[in-house]
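As a plain string of letters, each chain reads:
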Amino acid sequence: MTIGVASLVEELRNSLGPKAVITDPRELEPWVTDWRGRVHGAAPAMLAPASTEEVVQIVRSAAEHRVPLVPQGGNTGMSAGATPPADGSAMLLSMRRMNRIRAISAGDRLAVAEAGVVLATLNDAVHEVGMRFPLTLGARGSCTIGGLTSTNAGGTQVLKFGTMRSLVAGVEAVLPDGSIHNGLSGLKKDNRGYSIDQLLIGAEGTLGVVTAVALRLVPAVAARVVAWAGVDDPRRALELLRFLEERTQSIEGFELVPQDSLQLVLKHVSGTRPPLSGVHKWHVLIEATTPEAGSNISNEIERLLGLALNQEIIGDAVIASSEAQAEAFWKIRDSISEAERAEGQTLAHDISVPVADMPRFIMDASEQVERAFPGVIASGFGHLGDGNIHFHVRAGSHAAPDWYEAEGAAITRFVDDLVTAAGGSISAEHGIGQLKRAEFARLAEPGRLHALRAIKQALDPLGIMNPGKLVP
Ligand SMILES: Cc1cc2nc3c(=O)[nH]c(=O)nc-3n(C[C@H](O)[C@H](O)[C@H](O)COP(=O)(O)OP(=O)(O)OC[C@H]3O[C@@H](n4cnc5c(N)ncnc54)[C@H](O)[C@@H]3O)c2cc1C
């Protein structure tokens, strides 16, 4: 521990009490490595404030002692944004003790949750008052409202409800100078210049500490339909989405699954079965919901899929006949990464291109990667309707203990160049963190980099908020 860190720890322990300052390495251990287990950091202490006032005190003291802070929620982020540097120069700032839901108003369609509230807890609480927070994702049992806000997280309902940027009505945060920004009023209209709330969304902890968030709610789901369809190619899949969207408002999930991914899931994940009897090159998982009690959404989707079948947009389709079957369909989609891991080494790229270009991009990019690196297997799955897929490259015949080190960077650069040439983004929903910083610096437009650096410098001149992340 340096003298600065030691005196900061001492000062905060005296003022905030022992619960707020953890130095036992065994307690710190699970929080200094990223979720994928790829990046290992170190921290002399983890600070765990219980209120916004305590965060103010921590930020002011950290600035005074020039000790950087790494905000952390559930540590489920995919870009190692919440992992401290390996030299132990920064403190972890865990927001998990700030876990109060301050208010839920069905009338205003708003909830105010502190940063450490876990997504599943919020989802359950708003459900009890007949409302819904329309964002869910695989990490819902651990990820927090502060983390979701700071990464501008997406999930499987972006098609209808947007990312966190659309779902956040306002943010309360402690800025790097220790001042509080309070945007929790939930005003629908507020044109007092720059939106500090929007600046903090997706800032990955580099501009301040999010302490609470006002979240937009919608009425709870009264009925849902989950269906599985087989299609010839991603172009047909997108055609199906447009066909459905022109005829119903109810589609909120539309996930593309290649046959290769389905086969991997069937091979490695116990209890999974193919939803359709025939073999199709590509598949889509469709979720439709309605808040209207008594509406016969199942008949509507069945009729529309029948029409799509007659028009040869799809080759076959099945509607889940029970909640258990609906969950079984989703399990296939949610298990793709796990099945890939079980099969062998995989390089993951969370990318986006304009929606209309995505079918062509998937086919061309897969072909080009496989041609440039013969023996690897490339494919894309995920949120087709958002123009966001997880473009994964499996080692295939290149599998070797040092494959990531030997070839990983070259393959990722190849993919990122294709994405950039297609006018896309190398990070659709997982942020930049530390894993994508070099590629971001290499490929981002100069104007974007200039603005990002200028904003960071203006708000955090001492560089104490999550250094080494996002801003190259
Ligand atoms: C199985 C699985 C499925 C996933 N699916 C999706 C998906 O579909 N869509 C998607 O977008 N993401 C997905 N993710 C990624 C992840 O869940 C999200 O990025 C989530 O938003 C991270 O929340 P967290 O609380 O774990 O944040 P952390 O991982 O702790 O932190 C993430 C970033 O936010 C910063 N941060 C955290 N809390 C605060 C705060 N209070 N103030 C300031 N900065 C803060 C951290 O410094 C870090 O930079 C998935 C992850 C897993 C493990």
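Let me sum up the structure you'll find in this document. (Residues numbered from 1 in each chain as written. Predicted model: local features only at pLDDT ≥ 70, side-chain atom pairs only at ≥ 80, totals over all residues. Heavy atoms only, no water.)

Another aspect to go through is the overall build of the chain. Across its full length, the chain holds 17 helices and 18 strands. For a compact globule of 472 residues, the expected C-alpha radius of gyration is about 23 Å, and the chain comes in at 23 Å, within 12% of that figure. Seen through its C-alpha atoms, the chain measures out along the principal axes to roughly 70 × 55 × 45 Å. Buried residues in the chain amount to 52% of all 472 residues. Pairs at least 24 apart in sequence give 72% of the contacts found in the chain among residues at least 6 apart. Accessible surface for the chain amounts to roughly 20600 Å². Of this, 51% is attributable to carbon and sulfur atoms. (Helix = DSSP H or I, 4+ residues; strand = E, 2+ residues; numbered from the N terminus. Rg over C-alpha atoms; globule rule 2.2 N^0.38 Å. Buried < 20%, exposed > 50% of the residue type's maximum accessible area, 1.4 Å probe, protein only. Contact = heavy atoms within 4.5 Å. Areas by Shrake-Rupley, 256 points an atom, 1.4 Å probe, with all protein chains shown as cover.)

A few words on unusual backbone geometry. Non-glycine residue Ala80 carries a positive phi angle of around 60°. Exposure remark for Ala80: the relative accessible area of 1% places this residue in the buried category. Phi at Arg109 takes a positive value of approximately 55°, unusual for a residue other than glycine. As for its position among the elements, Arg109 is in the loop between strand 5 (101–105) and strand 6 (110–114). Judged by relative accessible area, which is 43%, Arg109 ranks as partly exposed.

Turning next to the side chain of Thr206. Assignment of secondary structure puts Thr206 in the loop between helix 8 (196–200) and strand 10 (209–216). In this view, Thr206 contacts Lys456, Asp460, Met465, Asn466, Lys469 and Leu470; residues no more than four positions away in its chain are not counted.

Quick look at the pattern of salt bridges now. Opposite charge on two side chains allows them to pair when their charged atoms are near. Taken as a whole and assessed by the stated rule, the structure comprises 21 salt bridges. In this structure, Glu246 engages Arg247 in a salt bridge whose closest nitrogen and oxygen atoms are separated by 3.5 Å. On the accessibility criterion, Glu246 (65% relative accessible area) is exposed. What emerges from the salt-bridge pattern is a single network uniting Arg100, Arg102, Glu114 and Glu172. (Salt bridge = Lys/Arg side-chain N within 4 Å of Asp/Glu carboxyl O.)

Viewed as axis vectors pointing N to C, helix 1 (residues 3–16) and helix 3 (residues 52–65) meet at an angle of 155°, and their least axial separation amounts to 10 Å. In terms of orientation, helix 1 and helix 3 fall into the roughly antiparallel class. Here helix 1 and helix 3 pass one another in a crossing that is right-handed. For the pair helix 1 and helix 3, the contacting residues are Gly4, Ser7, Leu8, Glu11, Leu12, Ser15 and Leu16 in the first and Glu54, Gln57, Ile58, Ser61, Ala62 and His65 in the second. For the contact of helix 1 with helix 3, the class distribution of residues is five nonpolar, six polar and two charged. (Axes fitted to C-alpha atoms, helices over the stretch in contact; angles between N-to-C directions. Parallel < 35°, antiparallel > 145°, perpendicular 65-115°, else oblique. Left-handed = near helix turned anticlockwise from the far one by under 90°. Nonpolar A, V, L, I, M, F, W, Y, C, P; charged D, E, K, R; others polar.)

In the vicinity of the ligand there are 34 residues, among which Pro71, Gly73, Thr76, Gly77 and Thr144 approach most closely. Between the ligand and Pro71 there is a distance of 2.6 Å, counted from an oxygen atom to a backbone nitrogen or oxygen. Measuring from a nitrogen atom of the ligand, one finds a side-chain N or O atom of Glu429 at 3.1 Å. Isolated, the ligand exposes 980 Å² of accessible area, and the fraction of that covered by the protein chains is 93%. Only strand 3 (69–72), helix 5 (145–150) and strand 10 provide two or more residues apiece to the shell around the ligand. Counting residues per element, the shell around the ligand draws most heavily on helix 5, which supplies four residues. The class makeup of the residues in the shell around the ligand is 13 nonpolar, 19 polar and two charged. (Near = heavy atom within 4 Å. Polar contact = N/O pair within 3.5 Å; in protein donor to acceptor, adjacent residues only side chain to side chain.)

Further remarks concern the nonpolar core. By size, the foremost hydrophobic cluster in this structure holds 54 residues, and its most contacted members are Leu240, Ile286, Phe361, Val369, Phe391 and Val393. Of the residues forming this core, the biggest block, six residues, is contributed by helix 9 (residues 234–245). Setting aside residues up to four positions removed in sequence, Val369 forms contacts with Val376, Ala378, Phe391, Val393, Phe414, Val415 and Leu418. By size, the runner-up hydrophobic cluster in this structure holds 29 residues, among which are Leu119, Ala153, Met164 and Leu207. (Core = buried A, V, L, I, M, F, W, Y, C linked by side-chain atoms within 4.5 Å.)

Moving on: the packing of helix 9 against helix 14 (residues 358–372). For the pair helix 9 and helix 14, interaxial distance at closest approach is 8 Å and the crossing angle is 165°. By the criterion of interaxial angle, the relationship of helix 9 to helix 14 is roughly antiparallel. Helix 14 is crossed by helix 9, and the crossing has right-handed handedness. In this structure, helix 9 uses Pro234, Arg235 and Leu238 to contact helix 14, whose residues at the interface are Pro359, Ile362 and Met363. Its residues assigned to classes, the contact of helix 9 with helix 14 shows five nonpolar, no polar and one charged.

So, on to the packing of aromatic side chains. If you walk through the whole model with that rule in mind, you get four aromatic pairs. Lying across the ring of Trp31, Arg96 places its NZ or CZ 3.4 Å from the centre. (Phe/Tyr/Trp six-rings, centres within 6.5 Å; stacked < 30°, edge-to-face > 60°. Lys NZ or Arg CZ within 6 Å of the ring centre and 35° of its normal.)

With that settled, consider the sheet that holds strand 17 (residues 377–381). Across the sheet, three strands lie side by side as 16-18-17; this open sheet has antiparallel pairing. Bordering the open sheet on either side are strand 16 (346–352) and strand 17, each of which pairs with just one other strand. Averaged over all neighbouring strand pairs, the angle between strand axes comes to 20°, with direction disregarded. Examined bridge by bridge, strand 16 and strand 18 (residues 388–394) share seven bridges and lie antiparallel to one another. Residue Ser352 lies in a different strand from strand 18, and its bridge partner there is Asn388. Strands in contact with helix 14 are strand 16, strand 17 and strand 18; relative to strand 18, the strand with the most contacts, it is inclined by about 15°. (Pairing = 2+ DSSP bridges.)

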